[in-house]
Amino acid sequence: MACTCVETVNEKLKERNTRLTQAIVFSPRKDDCLMLVTEQIETGRGKPKAVAMFLTYCPFCGVAYDG
Ligand SMILES: [Zn+2]
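Here goes a summary of the coordinates provided.

As for the overall build of the protein chain
Counting its secondary structure elements, the protein chain contains one helix and three strands. Scanning the protein chain from its N terminus toward the C terminus, one meets helices and strands in the order α-β-β-β. Scored against the burial criterion, the 67 residues of the protein chain give a buried share of 3%. If you take every contact in the protein chain between residues at least 6 apart in sequence, the share linking residues at least 24 apart comes to 34%.

Okay, structure coming up:
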């Protein structure tokens, strides 16, 4: 990651048994991606599944992630 915000926030969340969701992506990217958790609005047969959102900028300081 281009900054250490994720590590800093995870350290603060640790005392509450919580951490940010990160996903390992099998691509030429060097680092893990921070993933925004999403959910499906309507469920049922034929409804499209929810998509995952991977952040390209740090949500805490605004620095662009590599790639
Ligand atoms: Zn940051």
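Focus on the sheet that holds strand β2 (residues 33-36)
With antiparallel pairing, three strands are arranged side by side in an open sheet as β1-β2-β3. Strands at the two margins of the open sheet, each flanked by one partner only, are β1 (22-23) and β3 (53-54). Sheet topology places β1 next to β2; two bridges connect them, and they run antiparallel. Bridge assignment links glutamine 22 to a residue of β2, and that residue is leucine 34.

Quick look at unusual backbone geometry
For asparagine 17, which is not glycine, the phi torsion reads 55° and is therefore positive. Relative to the helices and strands, asparagine 17 is located in the loop between α1 (5-14) and β1.

Re the environment of alanine 64
Tracing the sequence through the fold places alanine 64 in the segment after β3. Residue alanine 64 is classed as exposed on the basis of its C-beta count, with 10 C-beta atoms lying within 10 Å. Along the chain, alanine 64 and cysteine 3 lie 61 residues apart, while their C-alpha atoms are 8.9 Å from each other.

Considerations on the pairing of β2
Looking along a regular strand, one sees the side chains alternate between the two faces of the sheet. Looking at chain direction, β2 and β3 are connected through two bridges and run antiparallel. Within β3, the position partnered with leucine 36 by the bridge is methionine 53.

Rules behind the numbers
Residues numbered from 1 in each chain as written. Predicted model: local features only at pLDDT ≥ 70, side-chain atom pairs only at ≥ 80, totals over all residues. Helix = DSSP H or I, 4+ residues; strand = E, 2+ residues; numbered from the N terminus. Buried ≥ 20, exposed ≤ 12 C-beta atoms within 10 Å, placed from the backbone. Contact = placed C-beta atoms within 7 Å. Pairing = 2+ DSSP bridges.

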